[in-house]
Amino acid sequence: MSTIGMTGGLRVGLLGVGALGGTIADLLGAGHIAGCSPAGTIRSTTALSPADLLSGIDVLVESAGAQAARAWVPRAIAAGVDVVLCSCGVLADLDFTRELADGDGTGRVLVPSGAIGGLDLFAAAGRALSAPAGRLAGDRPVRASVVLTTTKRPSALGVETDRPIEVFRGSARSAAREYPRTANVAVALALATIGLDEVTVVMVADPAAARTRHLVTMSSPLGEYELGVTNAVAPGSGGRTSAVTPWSVVTLLESLAAGHGAGLLVHPANDFRHDTEDRT
Ligand SMILES: NC(=O)C1=CN([C@@H]2O[C@H](COP(=O)(O)OP(=O)(O)OC[C@H]3O[C@@H](n4cnc5c(N)ncnc54)[C@H](OP(=O)(O)O)[C@@H]3O)[C@@H](O)[C@H]2O)C=CC1
Ligand SMILES: O=C([O-])CC(=O)C(=O)O
């Protein structure tokens, strides 16, 4: 059902109404997202054309999965519409980011903190790596490591096991390729810090994991950081999606409506134009 035409504040279009988008749709519809109003909802069965949706909204919340994101994000940017990109794992796809980088639309990509947090701290520590010589304490070698360990119930990672097993270890970019539905946290963390080919991701399937656990450890010249998150899972998501995720979108939308920032702002032209897979 399209609700294009409603007025008041930031006009929000919603792409995908599943475990994540369903909560956002309910909150938007009930007027619980300050400064935002629903302006169009796209389900996989909706006949509304992209042009019709995009001409009536200020921001598109994508919560429909990687395939839908690939189709919609370039169109939204070209139409000058900002996108809150829940399926940010697509930003690990070099062909896709080159397509974004080559576009000249004015829409922006905003990555919500999603199922984790602390991206501001990790981003600050990562950013300091670009400091001029002599600006970091002790002038130690300017290096950092970031490791994300995600533990989920086995079905959420597509395996069966009666004991905890490591199912993946590799870069955030590879994680996004192999686990497109469950590596968005890894990609957001990597974009905020030291990059998709540098962040190490470990995925553990644990039959005792009733909740999802994300543990981030970062070591940098500025300090040692550790953030552990234990999330309830969204009903109906099979354990893949943490229930806090739509609330991170709410926070981001309210910040946008109020005119100040939240989430991770990605500039495709700057961030991806020179991206190469074998960067070291
Ligand atoms: N950034 C983060 O931290 C997190 C990101 N995510 C990501 O967010 C996305 C949504 O997650 P979740 O809500 O759990 O997924 P769901 O599968 O529950 O919901 C996705 C919804 O999108 C719909 N959909 C699929 N294709 C289209 C399309 N082309 N147009 C419109 N609607 C479409 C589906 O409808 P239908 O069933 O009819 O196809 C479904 O209702 C996923 O990519 C997930 O990986 C999830 C958790 C955390
Ligand atoms: O990163 C993702 O795609 C989803 C995830 O792990 C979570 O919701 O906890």
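Residues numbered from 1 in each chain as written. Chains lettered and ligands numbered in written order. Predicted model: local features only at pLDDT ≥ 70, side-chain atom pairs only at ≥ 80, totals over all residues. Heavy atoms only, no water.

Participant: For the site of ligand 2, give the residues involved together with the corresponding values.
Facilitator: What surrounds ligand 2 is the set A115, K152, R181, T182, A183, N184, V185, T212, H214, R240, T241 and S242. One of the backbone nitrogen or oxygen atoms of T182 is found 3.4 Å away from an oxygen atom of ligand 2. One of the side-chain N or O atoms of N184 is found 2.7 Å from an oxygen atom in ligand 2. Contact with the protein chains removes 95% of the 270 Å² of surface that ligand 2 exposes when unbound. Listed by contribution, the elements that provide at least two residues to the shell around ligand 2 are α7 (184-192) and β9 (212-220). (Near = heavy atom within 4 Å. Polar contact = N/O pair within 3.5 Å; in protein donor to acceptor, adjacent residues only side chain to side chain. Areas by Shrake-Rupley, 256 points an atom, 1.4 Å probe, with all protein chains shown as cover. Helix = DSSP H or I, 4+ residues; strand = E, 2+ residues; numbered from the N terminus.)

Participant: Account for the site of ligand 1, with residues named and values stated.
Facilitator: For ligand 1, the set of nearby residues contains 22 residues, the closest of which are L20, S44, S87, N184 and T241. Within the backbone of A19, an N or O atom sits 2.9 Å from an oxygen atom of ligand 1. In this structure, T241 approaches ligand 1 through a side-chain N or O atom, which is 2.5 Å from an oxygen atom. Its free accessible area being 920 Å², ligand 1 has 75% of it covered by the protein chains. Of all the elements in the fold, those that place two or more residues in the shell around ligand 1 are α1 (19-29) and α7. Across the shell around ligand 1, the residue classes break down as 10 nonpolar, 10 polar and two charged. Looking at the shell around ligand 1, you find at least three residues from each of domain 1 (10-114 + 246-269) and domain 2 (119-239). (Nonpolar A, V, L, I, M, F, W, Y, C, P; charged D, E, K, R; others polar. Domains from an automatic or database assignment.)

Participant: Tell me about the pairing of strand β4 (residues 82-85), and please be specific about residues and values.
Facilitator: Along β4, one buried face is formed by D82 and V84 and the opposite face, lined by V83 and L85, is buried too. In the sheet, β4 pairs with strand β5 (residues 109-111) via two bridges, with the strands oriented parallel. Bridge assignment links V83 to a residue of β5, and that residue is V109. With respect to chirality, the unit in which β4 leads through helix α4 (residues 94-102) into the neighbouring parallel β5 is right-handed. (Buried < 20%, exposed > 50% of the residue type's maximum accessible area, 1.4 Å probe, protein only. Pairing = 2+ DSSP bridges. Right-handed = clockwise from strand over helix to strand, strands pointing away.)

Participant: Could you give me a rundown of the pattern of salt bridges, with the residues and numbers involved?
Facilitator: Taken as a whole, this structure holds six salt bridges when the rule is applied. R11 is paired through a salt bridge with D58; the nearest N and O atoms lie 3.0 Å apart. With a gap of 47 residues between them, R11 in strand β1 (residues 10-15) and D58 in the loop between α2 (50-54) and β3 (59-62) connect regions that are remote in the sequence. With relative accessibility at 29%, the residue R11 sits in the partly exposed group. Across the salt bridge formed by D197 and R173, the nearest N and O atoms sit 2.8 Å from each other. Placement of D197 in the loop between α7 and β8 (200-205) and of R173 in helix α6 (residues 172-178) is noted, with a sequence separation of 24 residues between them. (Salt bridge = Lys/Arg side-chain N within 4 Å of Asp/Glu carboxyl O.)

Participant: Which residues make up the environment of L189, and what are the values?
Facilitator: Relative to the elements of secondary structure, L189 occurs in helix α7. For the pair L189 and V146, spaced 43 residues apart in sequence, the C-alpha separation works out to 8.7 Å. In this structure L189 touches I116, L119, F122, V146, L148, V199 and V216, once residues within four positions along its chain are discounted. (Contact = heavy atoms within 4.5 Å.)

Participant: Please give an account of the state of the cysteines that cites residues and values.
Facilitator: Throughout the structure, instances matching the rule amount to zero disulfides. The cysteine C86 is free of any disulfide, with C88 supplying the nearest cysteine sulfur at 8.1 Å. (Disulfide = S-S within 2.5 Å.)

Participant: I'd like to hear about the nonpolar core, residue by residue, with values.
Facilitator: It is characteristic of soluble globular proteins that their nonpolar side chains tend to be buried jointly. In terms of nonpolar packing, the biggest core is built from 54 residues, with V73, L85, L91 and L189 touching the most fellow members. Among the elements that make up this core, the one with the highest residue count is α7 (seven residues). No fewer than three residues from each of domain 1 (10-114 + 246-269) and domain 2 (119-239) sit in this core. Core analysis: the next-biggest nonpolar cluster, separate from the first, contains 19 residues, L20, V84, C86 and V249 among them. (Core = buried A, V, L, I, M, F, W, Y, C linked by side-chain atoms within 4.5 Å.)

Participant: Can you explain the packing of α1 against helix α8 (residues 245-258)? Please cite residues and give values.
Facilitator: Packing of α1 against α8 brings their axes to within 8 Å, and their N-to-C directions diverge by 45°. Taken together, the axes of α1 and α8 are oblique relative to one another. Crossing hand, α1 versus α8: right-handed. Along its contact with α1, which presents L20, T23, I24 and L27, the element α8 presents T245, P246, W247, V249 and V250. Here the contact of α1 with α8 is built from residues that sort into seven nonpolar, two polar and no charged. (Axes fitted to C-alpha atoms, helices over the stretch in contact; angles between N-to-C directions. Parallel < 35°, antiparallel > 145°, perpendicular 65-115°, else oblique. Left-handed = near helix turned anticlockwise from the far one by under 90°.)

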